Amino acid sequence: MKTTCFRSLAGAAALGSAALLFSGIAVAHEPEKHAKDAEAPDCAAMMDMNAEEMDQDDPVVQAMMEQCRGHMDAMDHGSGSDGTSDHAEGHGGQEPSQPSQHEH
Amino acid sequence: MPIRKTLSCLRCLAATAAVVLLAGAAYVYLGLYPIGADVPHNAATYWLLETVRERAVARAARDISVPGDLEASARLLSGGADYNDMCAGCHLRPGENQSDFSLGLYPAPPDLTEAHDTHGDPASRDRRRFWIIKHGIKASGMPAWGPGHDDERIWSMVAFLDRLPDLTPQQYQIITARSTGSQH
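Focus: helix H8 (residues 169–176) of chain B
Turn by turn, an α-helix covers 3.6 residues, leaving residues three or four places apart pointing in a common direction.
Then step 1. Counting buried residues in H8 of chain B gives six out of eight residues, a clear majority hidden from the surface.
Then step 2. Three or more residues of H8 of chain B are buried, namely Gln171, Tyr172, Gln173, Ile174, Ile175 and Thr176 of chain B.

Structural data, given as structure tokens:
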């Protein structure tokens, strides 16, 4: 009887510890949590920047290109045979606060 | 005779110290210090707190080694998103002059979009920033981010801060967006 009681207590303690541990992890600043309601990069603004003035070796330019690579790829893939695309037009007029229409 | 004079002087000093201590204790316990954040410290208190802060941070951060890849674009993307989530409310974004936090906090949080950090050479400045982000500053509103963020993430924030004054609002928006748009 005593053994059963101890086992129950030990189990409860282990469960409690695990709950505390995982609740602590959930409280920490998880990038994935923020990604859900984060705004998309305004890649249309990047298209408007003067490409000749952008130093391709500058980490800032590289970071922007990396952020917008998916958008640019989507525009390429979405282009029809006539070179037009609803996909591309959607990005061009997209406000940064709107979620991307191209998330798969 | 000189001994008497010395004893008299010591008594006088002890009495003065006792009076100063009592006056200080009375000032503290009677609640006379203007503790509200909308009333600035007097010059002496401000100097004391600032000196304590700067000397303590410089001493604590002096042996931190700075990673060699702070200029990598991946650092900017990781640090930028974290800066936008955790820091921009107080330390502002490019194109902003103030926020409720920057107006209301005392001491006022530094505007990190402006290149006015003159704390030594670039490596010392990076060490200082890393230490402050990781450990925070007592009674200043600056939290310690270390408990929830590993050193790599904090170094990425330091890397982002190095470039923040150069960024236009458009560049800032693109780099700091926690995008799902590139996951095609």
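Side note on a nonpolar patch on the surface
Then step 1. On the surface, Tyr27, Val28, Tyr29, Leu30 and Leu32 of chain B cluster together into a nonpolar patch covering about 620 Å² of accessible area.
Then step 2. By the element assignment, valine 28 of chain B lies in helix H1 (residues 2–29).

A closer look at helix H7 (residues 151–163) of chain B
Then step 1. Between its first and last C-alpha, H7 of chain B extends 19 Å over 13 residues, near the 18 Å set by a 1.5 Å rise per residue.
Then step 2. Every buried residue of H7 of chain B is listed here: Arg153, Ile154, Trp155, Ser156, Met157, Val158, Ala159, Phe160 and Leu161 of chain B.

Section: the packing of aromatic side chains
Residue and element names in this part refer to chain B.
Then step 1. Applying the stated rule across the entire model yields five aromatic pairs over all chains.
Then step 2. For the ring pair phenylalanine 160 and tyrosine 172, a centre distance of 6.1 Å and an interplane angle of 55° mean the geometry is tilted. One end of the pair, phenylalanine 160, is in helix H7; the other, tyrosine 172, is in helix H8, with 12 residues separating them in the sequence. Per residue, the accessibility class of phenylalanine 160 equals that of tyrosine 172, and both read buried.
Then step 3. Ring pairing ties together the aromatic residues Tyr83, Phe160 and Tyr172, which thus form one cluster.

Quick notes on the packing of helix H6 (residues 122–135) of chain B against H7 of chain B
Each packed pair of helices is defined by two parameters, the angle between the axes and the distance between the axes.
Residue and element names in this part refer to chain B.
Then step 1. Viewed as axis vectors pointing N to C, H6 and H7 meet at an angle of 130°, and their least axial separation amounts to 9 Å. Judged on the interaxial angle alone, H7 and H6 are oblique. Classified by chirality, the crossing of H7 by H6 is right-handed. Here Arg125, Asp126, Arg127, Arg129, Phe130, Ile133 and Lys134 of H6 lie close against H7, whose contacting residues are Asp151, Ile154, Trp155, Met157, Val158, Leu161 and Asp162.
Then step 2. Considered class by class, the residues forming the contact of H6 with H7 number seven nonpolar, no polar and seven charged.

Parameters and conventions
- Within any chain, residue numbers begin from 1 and follow the written order of that chain's sequence.
- In the order they appear in the text, chains get letters beginning with A and ligands get numbers beginning with 1.
- Owing to the predicted nature of the model, reporting of local features is limited to residues with pLDDT of at least 70; listing and counting of side-chain atom pairs is limited to 80 or more, with chain, interface and lining totals taken over all residues.
- For side-chain calculations, the full set of non-hydrogen atoms in the structure is used, while hydrogens and water are omitted.
- Only protein chains enter the area calculation, which uses a 1.4 Å probe; residues under 20% of their type maximum are buried, those over 50% are exposed, and those in between are partly exposed.
- For the purposes of this entry, the term helix denotes a DSSP run of H or I that reaches at least four residues, the term strand denotes a run of E that reaches at least two, and both are numbered from the N terminus.
- Without a salt bridge and with relative accessible area above 30%, a residue can belong to a patch; like charges are then joined within 9 Å and nonpolar side chains (Val, Leu, Ile, Met, Phe, Trp, Tyr) within 5 Å.
- Accessible areas in this description were obtained via Shrake-Rupley with a 1.4 Å probe; residue shielding takes into account the shown protein chains only.
- By salt bridge we mean one thing: a side-chain nitrogen of Lys or Arg within 4 Å of a carboxyl oxygen of Asp or Glu.
- Multiplying one less than the number of residues by 1.5 Å gives the expected span of a helix.
- A pair of aromatic rings is counted whenever rings of Phe, Tyr or Trp (Trp by its six-membered ring) have centres within 6.5 Å, and the orientation is called stacked for planes under 30 degrees apart, edge-to-face for over 60 and tilted otherwise.
- To obtain an axis, a line is fitted to C-alpha atoms, over the contacting stretch when the element is a helix, and the angle between two such axes runs from 0 to 180 degrees between their N-to-C directions.
- An angle counts as roughly parallel when it lies under 35 degrees, as roughly antiparallel when it exceeds 145, as roughly perpendicular when it falls between 65 and 115, and as oblique in every other case.
- Take the far helix as the reference: if the near one is turned anticlockwise from it by less than a right angle, the crossing is left-handed, and if turned clockwise, right-handed.
- Contacts between residues were defined by any pair of non-hydrogen atoms, one from each residue, lying within 4.5 Å.
- Residue polarity is assigned by list, with Asp, Glu, Lys and Arg as charged and Ala, Val, Leu, Ile, Met, Phe, Trp, Tyr, Cys and Pro as nonpolar; anything else, Gly included, falls into the polar class.

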